[in-house]
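Listed below are the residues making up each chain.
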Amino acid sequence: MELSQVKSRLNRIVYYDTGQIDLNGCSIKDFILTACILRKNKKGFYYYETELKEQNSRNTLIVPLEKVLNINEV
């Protein structure tokens, strides 16, 4: 996902490859995009991370923005 798409996708469904294969053989799951976070590493470089919430749970994931997928990328 690109940074320019984040504002339009907030509080909507996005997709992320968790790496855990379900019974159907798919590892891509849907989440709700709740936040985009700008961080700075020790070397002074900035990068973006996203906060993804599971739909029927309180669990959240913090993942790199580049790894979040739109519906047309699934």
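Residues numbered from 1 in each chain as written. Predicted model: local features only at pLDDT ≥ 70, side-chain atom pairs only at ≥ 80, totals over all residues. Heavy atoms only, no water.

Student: Any chance you could explain the sheet that holds strand β3 (residues 46-53) here in plain terms?
Tutor: Sheet strands line up and pair through hydrogen bonds in the backbone, either parallel or antiparallel. Within the open sheet, the five strands sit side by side as β4-β3-β2-β1-β5. Their pairing is antiparallel. This sheet does not close on itself; its edge strands, each paired only once, are β4 (60-64) and β5 (68-69). Here strand β2 (residues 28-40) pairs with β3 via eight bridges, running antiparallel. Bridging across to β3, Leu38 finds its partner in Tyr48. (Pairing = 2+ DSSP bridges. Helix = DSSP H or I, 4+ residues; strand = E, 2+ residues; numbered from the N terminus.)

Student: Can you walk me through the environment of Gln55 in this structure?
Tutor: Its place among the elements puts Gln55 in the loop between β3 and β4. For Gln55, a relative accessible area of 33% puts it in the partly exposed group. Each C-alpha atom, one on Gln55 and one on Asp30, is 7.8 Å from the other, the two residues being 25 residues apart in sequence. Leaving out residues up to four positions away in the same chain, Gln55 has contacts with Ile13, Asp30 and Ile32. (Buried < 20%, exposed > 50% of the residue type's maximum accessible area, 1.4 Å probe, protein only. Contact = heavy atoms within 4.5 Å.)

Student: So what exactly am I meant to see when it comes to the pattern of salt bridges here?
Tutor: Throughout the structure, instances matching the rule amount to one salt bridge. Linking Glu49 and Arg39 is a salt bridge whose minimum nitrogen-to-oxygen distance equals 2.6 Å. In this pair, Glu49 sits in strand β3 while Arg39 sits in strand β2, placing the two residues ten residues apart along the sequence. Arg39 sits in the partly exposed class, given a relative accessible area of 34%. (Salt bridge = Lys/Arg side-chain N within 4 Å of Asp/Glu carboxyl O.)

Student: Please clarify how the pairing of β4 should be interpreted in this entry.
Tutor: A regular strand places its side chains so that they alternate between the two faces of the sheet. In this structure, β3 lies alongside β4, joined through five bridges in antiparallel fashion. The residue bridging Glu51 from the neighbouring strand is Ile62, located in β4.

Student: Would you mind showing me how to read unusual backbone geometry here?
Tutor: Where the residue is not glycine, phi is negative for most of them; where a peptide bond is considered, it is trans in most cases. Within the chain, Asn11 stands out as a residue other than glycine whose phi angle is a positive 60°. Structurally, Asn11 can be placed in the loop between α1 (3-9) and β1 (13-17). Classification of Asn11 as exposed rests on a relative accessible area of 61%.

Student: I tried to follow the nonpolar core on my own but got confused; where do I start?
Tutor: One recurring pattern in soluble globular proteins is that nonpolar side chains are buried together. Membership of the largest hydrophobic core is limited to ten residues, which are Met1, Val6, Val14, Tyr16, Phe31, Leu33, Leu52, Val63, Leu65 and Val68. Of all elements in the fold, only β1 and β2 reach the threshold of two or more residues within this core. Once residues within four sequence positions are removed from consideration, Val63 is found in contact with Tyr16, Glu49, Thr50, Leu52 and Val68. (Core = buried A, V, L, I, M, F, W, Y, C linked by side-chain atoms within 4.5 Å.)

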